[in-house]
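Spelled out from the first residue to the last, the chains are:
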Amino acid sequence: MNTMQLNTQHWQYLNDKPVASGLLKQQAEDFKVTEELGYAMVGEGEHIYVELEKTQLNTAYVAEQLASFCGLPLRQVTYAGRKDKYAVPRQWFGLHVPGKTEFNWDQFTLEGTRILQVQRHNKKLRTGQLKGNTFEITLRDVREPEAVINRLHQAAQQGVPNYYGSQRFGIQRISESGEVNRGGNLMMAERMLNGEVIKNRNKRSMALSALRSWLFNEMLSTRIAEGRLQAILPGDVINLTGSNSIFVADKETEVLAERLNRQDLSTTIPLWGKGDIGSAGEARTIELKTAARYSEVTSFLAAQKLSMERRAAIIWPQRLECNQQGDTLIIRFFLPSGCFATTVLRECLLTTELA
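Now for a look at the structure at hand. (Residues numbered from 1 in each chain as written. Predicted model: local features only at pLDDT ≥ 70, side-chain atom pairs only at ≥ 80, totals over all residues. Heavy atoms only, no water.)

### Overview of the nonpolar core
Thinking step 1. Counting 44 residues, the largest nonpolar core has Leu6, Leu211, Trp214, Leu215, Leu220, Trp272 and Val297 as the members making the most contacts within it.
Thinking step 2. For this core, the secondary structure elements donating two or more residues are α3 (184–193), α4 (201–225), α5 (254–261), β13 (265–271) and α7 (295–303).
Thinking step 3. Considering every element that reaches this core, the biggest residue donor is α4, with 10 residues.
Thinking step 4. Not counting residues within four places of it along the chain, the set of residues in contact with Leu211 comprises Leu6, Ala189, Leu193, Val297, Phe300 and Leu301.
Thinking step 5. Counting 27 residues, the second-largest nonpolar core is a separate cluster that includes Leu329, Leu335, Val344 and Leu345. (Core = buried A, V, L, I, M, F, W, Y, C linked by side-chain atoms within 4.5 Å. Buried < 20%, exposed > 50% of the residue type's maximum accessible area, 1.4 Å probe, protein only. Helix = DSSP H or I, 4+ residues; strand = E, 2+ residues; numbered from the N terminus. Contact = heavy atoms within 4.5 Å.)

Structure, rendered in structure tokens:
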């Protein structure tokens, strides 16, 4: 087997590569995230939902501390998704506490956290069970801030490719020569592909997730390169915005094209696993052609306990606000669950992360 290297720097932009630049995450407070569950608590039940603000802490570590504080097995503490360590997220945790047990949350004194609210609910908080996230991002030392603002408004109108962000692939560093060193999760994925067995369950899971996300980005980039991202092809699997509903387009129609322009729906790209990709016609031909180039990756993913899924190809930042203060930009927008703010920024400016 030839040694395979998973590169990330060649992925296509929807528009020309940005010329503007700026600093991202100069400090943790420059990247704020607020989870929106999309439903209200009922005020009773055997699940306690805790919303807290955390700084410089991993989601999994906070879950461990909550379990310890409540005297619960770790499996009884859940969260909708992981959030960046080098950021200030407001995040929900779910604790399964059968019975009437209550806790004095004033005594939970984990440094770097602040309890915002505690409520009871009758259902478990599950991974991905989230309407989305509102981001407040501060960009500093921005060159050509007006160009960034214009690009952001363009992104809100036409959308951006729904790439997995750099966080999925692990920490990336920029060398003194300007070369981007690949993330640790992606390097673990390479080692797995090249025959190494990763025994640590958590590390293996992150490596598999990085590999699957990398292939998705490759297939999405191919679609952009062919000028087909904003077109509906015969056989495309279509996702209705804000839902898990999908259907196959028999042909491109004016009605579907208009609904795409209205942001009612998006084309999708396979998240590789075992099973059929679900598309047909021209769309299927393009997807299988790309998959054939990376048969080593598709075979490996299909051999794992992963089912074939689909992910929207386009996302639109919603509720966009831009506040310019000299060469500093403060940006606010909402994205659906599972989408990356850094993916929106990628289309608007070249960022240097100090985190």
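### What about the side chain of Gln91?
Thinking step 1. Of note, Gln91 is situated in strand β5 (residues 88–96).
Thinking step 2. With relative accessibility at 0%, the residue Gln91 sits in the buried group.
Thinking step 3. Other than its neighbours up to four places away in sequence, Gln91 contacts Glu35, Val50, Glu51, Leu52, Lys54, Thr59, Tyr79, Gly81, Arg82 and Lys83.

### Looking at the pattern of salt bridges
Thinking step 1. Summed over all chains, the structure comprises 18 salt bridges.
Thinking step 2. A salt bridge links Glu136 to Lys32; the shortest N-O distance between them is 3.9 Å. Note that Glu136 is positioned in strand β7 (residues 132–143) and Lys32 in strand β2 (residues 31–36), a separation of 104 residues in sequence.
Thinking step 3. With relative accessibility at 25%, the residue Glu136 sits in the partly exposed group.
Thinking step 4. Take Lys32: its relative accessible area is 34%, and that puts it in the partly exposed class.
Thinking step 5. One salt bridge in this structure joins Glu35 and Lys83, with 2.9 Å as the shortest N-O distance. Here Lys83 lies in the loop between β4 (77–79) and β5 and Glu35 lies in strand β2, a separation of 48 residues in the sequence.
Thinking step 6. Taken together, the shared-partner salt bridges in this structure form one network comprising Lys32, Glu136, Glu321 and Arg332. (Salt bridge = Lys/Arg side-chain N within 4 Å of Asp/Glu carboxyl O.)

### Some details on the packing of α4 against helix α6 (residues 281–293)
Thinking step 1. Orientation of α4 relative to α6, taken along the N-to-C sense of each, is 130 degrees, at an axis distance of 10 Å. Between α4 and α6, the crossing angle belongs to the class labelled oblique. For the crossing formed where α4 meets α6, the hand is right-handed. Facing Glu218, Met219 and Thr222 of α4, the residues of α6 in contact are Glu287, Thr290, Ala291 and Arg293.
Thinking step 2. Broken down by class, the residue content of the contact of α4 with α6 amounts to two nonpolar, two polar and three charged. (Axes fitted to C-alpha atoms, helices over the stretch in contact; angles between N-to-C directions. Parallel < 35°, antiparallel > 145°, perpendicular 65-115°, else oblique. Left-handed = near helix turned anticlockwise from the far one by under 90°. Nonpolar A, V, L, I, M, F, W, Y, C, P; charged D, E, K, R; others polar.)

### Looking at the packing of aromatic side chains
Thinking step 1. Under the defined criterion, the tally for this structure stands at 14 aromatic pairs.
Thinking step 2. Their ring planes at 45 degrees and their centres at 5.7 Å tell us that Trp11 and Phe169 sit as a pair that is tilted. One end of the pair, Trp11, is in the segment before β1 (21–24); the other, Phe169, is in the loop between β8 (160–161) and β9 (173–174), with 158 residues separating them in the sequence.
Thinking step 3. Classification of Trp11 by relative accessible area gives buried; the value is 6%.
Thinking step 4. Relative to Trp105, the ring of Phe103 has its centre 5.9 Å away and its plane inclined at 65 degrees; by these criteria the two rings are edge-to-face. With respect to burial, Phe103 and Trp105 carry one shared label: buried.
Thinking step 5. Taken together through their ring pairs, the aromatic side chains of Phe69, Phe103, Trp105 and Phe108 make up a single cluster.
Thinking step 6. Directly above the ring of Tyr164 sits Arg311, whose terminal nitrogen or CZ lies 3.8 Å from the centroid. (Phe/Tyr/Trp six-rings, centres within 6.5 Å; stacked < 30°, edge-to-face > 60°. Lys NZ or Arg CZ within 6 Å of the ring centre and 35° of its normal.)

### Some words on the side chain of Thr290
Thinking step 1. Note that Thr290 resides in helix α6.
Thinking step 2. Take Thr290: its relative accessible area is 2%, and that puts it in the buried class.
Thinking step 3. In this structure the side chain of Thr290 is engaged in a polar contact, spanning 3.1 Å, whose partner is the backbone oxygen of Ile286.
Thinking step 4. Each residue touching Thr290, except ones within four places of it in the same chain, is listed here: Glu218, Met219 and Thr222. (Polar contact = N/O pair within 3.5 Å; in protein donor to acceptor, adjacent residues only side chain to side chain.)

### Focus: the sheet that holds strand β14 (residues 309–312)
Thinking step 1. Here four strands make up an open sheet; going across it, the order is β12-β11-β13-β14 and the pairing antiparallel. If you trace the sheet from one side to the other, it starts and ends with β12 (246–248) and β14, each paired once. Taking each pair of neighbouring strands and ignoring which way they run, the sheet shows an average axis angle of 45 degrees.
Thinking step 2. Bridge count between β13 and β14: four bridges; the pairing is antiparallel. Counted as the bridge partner of Thr268 is Ala312 from β14.
Thinking step 3. Contacting β11 (237–240), β12 and β13, α5 crosses the sheet at an angle of about 90 degrees to β13. (Pairing = 2+ DSSP bridges.)

None of this, on its own, says anything about what the molecule does.
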